[in-house]
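Residue-level structure breakdown
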Amino acid sequence: MPGWVRQGYDEYAKRLPRECELVLKEIAPGKRTKNSDVARIIKEEGERMIAAIPQGAHIVTLDIPGKSWTTPELAQAMRRWLESGQHVSLLIGGPEGLADSVKQLARESWSLSPLTFPHPLVRIVVAEQLYRAWSILHNHPYHRQ
């Protein structure tokens, strides 16, 4: 990823306290060529994603058909996640989306927008929104309505 992506993501990740630590696990996308078997690639990406999920984690997919949350709604989801005491795994698919096996494991699905965003931008937006949700829950001045 370009430096600006790492810098943007790291800026928000470091602001979150330990009890809400944001850990990025990158799953290498399958190699795509003109004649690639895209269905096989998506399936294999899904298997690698599932293998990286902590045992017993609450799984949330980021997917266009998911629920579109306002920032206060995201804050309430975060409250639920924190109160559950479980790890939360936010899963973002590759260029063609998420494998069906991953979608089936999800307990929730979150849509950032009906638009398609590049992956570098998504990781920054997600990190910022999680920090903003945390700031709402803790009456931090970062989020002003």
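What comes next is a walk through the structure. (Residues numbered from 1 in each chain as written. Predicted model: local features only at pLDDT ≥ 70, side-chain atom pairs only at ≥ 80, totals over all residues. Heavy atoms only, no water.)

Across all of its chains, the model carries 10 salt bridges by this definition. A salt bridge links Arg123 to Glu26; the nearest nitrogen and oxygen atoms lie 3.2 Å apart. Taken together, the positions of Arg123 in helix H5 (residues 119-137) and Glu26 in the loop between helix H1 (3-15) and helix H2 (38-52) put the pair 97 residues apart, joining distant regions of the chain. Overall, Arg123 belongs to the buried group, its relative accessible area being 14%. A relative accessible area of 54% places Glu26 in the exposed class. A salt bridge links Arg80 to Glu108; the shortest N-O distance between them is 2.8 Å. A residue pair is termed long-range when its members are at least 10 positions apart, and Arg80 in helix H3 (residues 71-84) and Glu108 in strand E3 (residues 108-111) qualify at 28 residues. Relative accessible area serves as the criterion here: at 43%, Arg80 is assigned to the partly exposed category. Put simply, Glu11, Lys14 and Arg15 are held in one network by salt bridges that share partners. (Salt bridge = Lys/Arg side-chain N within 4 Å of Asp/Glu carboxyl O. Helix = DSSP H or I, 4+ residues; strand = E, 2+ residues; numbered from the N terminus. Buried < 20%, exposed > 50% of the residue type's maximum accessible area, 1.4 Å probe, protein only.)

The strand order across the open sheet formed by 3 strands is E2-E1-E3, and the pairing between neighbours is parallel. Since the sheet does not close on itself, it has two edges, and those belong to strand E2 (88-92) and E3, each with one partner. Between one strand axis and the next, the sheet turns by 45° as a mean value, whatever way the strands run. Taken together, the 5 bridges between strand E1 (residues 58-68) and E3 define a ladder with parallel strand orientation. Within the sheet, the bridge partner assigned to Leu62 lies in E3 and is Trp110. Along the sheet face, H3 touches E1, E2 and E3 and points at about 160° away from the line of E1. In this fold H5 packs onto E1, E2 and E3, with an angle of close to 150° to the strand it touches most, E2. (Pairing = 2+ DSSP bridges. Axes fitted to C-alpha atoms, helices over the stretch in contact; angles between N-to-C directions. Contact = heavy atoms within 4.5 Å.)

On to the layout of surface pockets. By volume, the largest pocket amounts to about 1300 Å³. Val23, Leu24, Lys25, Ser89 and Leu90 are, among the 40 residues lining the largest pocket, the residues nearest its centre. Tallying contributions element by element places H5 first for the lining of the largest pocket, with 6 residues. Broken down by class, the residue content of the lining of the largest pocket amounts to 26 nonpolar, 7 polar and 7 charged. One number sums up the size of the second largest pocket: a volume of about 370 Å³. What lines the second largest pocket is a set of 18 residues, and nearest its centre among them are Leu62, Ile64, Ile92, Thr116 and Phe117. (1 Å grid on protein atoms, 1.4 Å probe; cavity = no way out; pocket = protein on both sides within 12 Å on 5 of 7 lines; lining within 4 Å. Points joined across faces, edges and corners; volume = space filled by probe spheres on them. Nonpolar A, V, L, I, M, F, W, Y, C, P; charged D, E, K, R; others polar.)

So, about the nonpolar core. Core analysis: the largest hydrophobic core is formed by 22 residues, its most contacted members being Leu74, Met78, Trp81 and Trp110. Elements represented by at least two residues in this core include exactly H1, E1, H3 and H5. With 8 residues, the top contributor of residues to this core is H5. Other than its neighbours up to four places away in sequence, Leu74 contacts Trp69, Trp81, Trp110, Gln129, Leu130 and Ala133. Residues Ile53, Ile59, Leu91 and Ala99 belong to the second largest nonpolar core, which totals 9 residues. (Core = buried A, V, L, I, M, F, W, Y, C linked by side-chain atoms within 4.5 Å.)

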